[in-house]
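# A structural walkthrough
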Amino acid sequence: MTPHVEPDPQAGAAVKAADRAHVFHSWSAQGMIDPLAVAGAEGSYFWDYDGNRYLDFTSGLVYTNIGYQHPRVVAAIQEQAAKLTTFAPAFAIDVRSEAARLIAERTPGDLDKIFFTNGGAEAVENAVRMARLHTGRHKVLSAFRSYHGATSTAINLTGDPRRWASDTGSAGVVRFWAPFLYRSPFYATTEEQECERALAHLEDTIAFEGPATIAAIILETVPGTAGIMTPPPGYLAGVREICDRYGIVFVLDEVMAGFGRTGKWFAAEHFDVVPDLLTFAKGVNSGYVPLGGVAISAEIAATFDKRPYPGGLTYSGHPLACAAAVATIQVMEDEKTVEHAARIGETVLGPGLRELAERHPSVGEVRGLGVFWALDLVKNKETREPLVPYNAAGEANAPMAAFGAAAKKHGLWPFINMNRTHAVPACNVSEAEVKEGLAALDAALGVADEHT
Ligand code: PMP
């Protein structure tokens, strides 16, 4: 894959200057950032105006599950734009119902009704609203080491430092510890212990909060941004059982883990669990047009059969977004993308990352599945002390910054969060691309090793 444009540094400088003049960026000190000016993207790659090409091991924000500019999805968006660009959500539109059908057929169990949103946070907001109205209760339990979005309730539910500055201490959000054996909150040394203690801790949390006040428990099926911690066998089934026992709505957030990322359509399939509500976004249409949603169980959908659902969005089920979803799902079926993600993870990406961990003192743990992997970087493999302190910034974060710069120098755009790098390429990444990414990571980890 080569850039389709000739290098044009002057044009790049102009794009950057215009950005600096008027664009206010997410999560950033506006005066401290220097965003790369991107000239184009295709498949697993993007390139800048200086002629540098990068292999995208971030899939954007973990959403371009079929890569950039897939011609069938681009064509579907163009055809829909020519036919009916937009129409309000209260009407029945062919492409909207087709997207809902294709999604409902792939979500587990009886999650057969789809409420469309514009992204993940809105999906979480609406899942919480549905759970509260369905149960008549108000509290929601969420995990530390989680991310659920940046809108009001979603950021409150989030269990990482991005919450700190905007946390209103919103009534009803209670956080608990979910399992994470490598840095076990329960001092466990085996997966069985971790699972058992995590479930006991959740039971205690519920007992002390008051079961009859708890509307929902929300978990990422496999927590993403917080570190790709695959839950131990039995944990999610245990949470399901606890929810059933207390009449609590079980919400699985698959905004990041859904649509092939883990080598299944939805990660819940790995654990044989069916939540009451499942949130999705990102990979549903490879992020080509903003789309998210909530897949709703028959029981919760029935709550709103005779009683109105008091929530809605102007662009709910936007035809362009739905056309992109229909085309993306068809592409993933035709190209067997989900099976490919499972296979490449099992045979090339996972083994390749484990091999890197053996050779590099800075890699403490490799964990993941499908095309959803994290390298936990450490100062010391024995003590597991993270390569940088929790929530490090500036000088304290220098080792991770040096790692990132080295990866980019070797043509790899890395995902970096705290002391971790995540290998999250497109689900249709080729074997050659994975090998190229592993070679770049190998070189960049050499730089991280200098800080151990
Ligand atoms: N939930 C999870 C698990 C996510 O990873 C994200 C986004 N990274 C969100 C919710 C929020 O999605 P959005 O940014 O589309 O609002």
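No experiment lies behind these values; they were computed from the predicted model shown.

Criteria and cut-off values
Residues numbered from 1 in each chain as written. Predicted model: local features only at pLDDT ≥ 70, side-chain atom pairs only at ≥ 80, totals over all residues. Domains from an automatic or database assignment. Contact = placed C-beta atoms within 7 Å. Helix = DSSP H or I, 4+ residues; strand = E, 2+ residues; numbered from the N terminus. Near = placed C-beta within 6 Å. Pairing = 2+ DSSP bridges. Expected span 1.5 Å × (residues − 1). Buried ≥ 20, exposed ≤ 12 C-beta atoms within 10 Å, placed from the backbone. Arc of directions from axis to C-beta. pLDDT = per-residue confidence, 0-100. Right-handed = clockwise from strand over helix to strand, strands pointing away.

Here we come to the domain arrangement of the protein. Each domain of the protein was delimited in the assignment, giving domain 1 (9-66 + 336-449) and domain 2 (71-334). Taking the mean C-alpha position of each, domain 1 and domain 2 sit 25 Å from one another. Counting residues at the interface gives 27 residues for domain 1 and 26 residues for domain 2. Every element with two or more residues in the side of domain 1 that touches domain 2 is listed here: α2 (59-62), α11 (337-359), β11 (363-369), β12 (372-377) and β15 (420-423). Looking at which element gives the most residues to the side of domain 1 that touches domain 2, the answer is α11, with five residues.

So, about the site of the ligand. The full set close to the ligand counts 16 residues, and Gly119, Gly120, Ala121, Gly149 and Val255 are the nearest of them. In terms of residues, the shell around the ligand owes the most to one element, helix α5 (residues 120-135), which gives three residues.

The next thing to look at is the sheet that holds strand β2 (residues 45-48). Pairing is mixed across the open sheet formed by four strands, whose spatial order is β1-β2-β3-β13. The sheet terminates laterally at β1 (38-42) and β13 (412-413), the two strands that pair on one side only. Sheet topology places β2 next to strand β3 (residues 53-56); three bridges connect them, and they run antiparallel. Along β3, the bridge assignment pairs Tyr45 with Leu55.

It is worth spelling out helix α12 (residues 398-409) at this point. At 3.6 residues per turn, the α-helix brings residues three or four places apart onto the same side. In a regular helix each residue adds 1.5 Å, so 12 residues correspond to 16 Å; α12 covers 16 Å between its end C-alpha atoms and thus fits that length. For α12, every residue scored as buried is listed here: Pro399, Met400, Phe403, Gly404, Ala406 and Ala407. All buried residues of α12 lie within an arc of 165° about the axis, which places them on one face of the element. At its buried positions, α12 is contacted by β13, β14 (415-417), β15 and α13 (431-449). Among the residues trailing α12, Gly411 stands out with phi positive, at a value near 85°.

Within the protein, residue pLDDT values average 97, and 99% of them lie at 70 or more. Across the interfaces of the predicted complex, the ipTM metric reaches 0.99, alongside a pTM of 0.98.

The side chains of a regular strand alternate between both faces of the sheet. For strand β7 (residues 214-220), the buried fraction is high: seven of the seven residues fall into the buried class. With four bridges joining them, strand β5 (residues 139-143) and β7 adopt parallel strand pairing. Bridge pairing links Leu141 to Ile217 in β7. Two strands pair when backbone bridges link them, and β7 and strand β8 (residues 249-253) are joined in this way by five bridges, in the parallel orientation. When the bridges of β8 are listed, Ile217 appears paired with Phe250. In this region the chain leaves β7, passes through helix α8 (residues 235-246) and returns to the parallel neighbour β8; the handedness of that crossover is right-handed.

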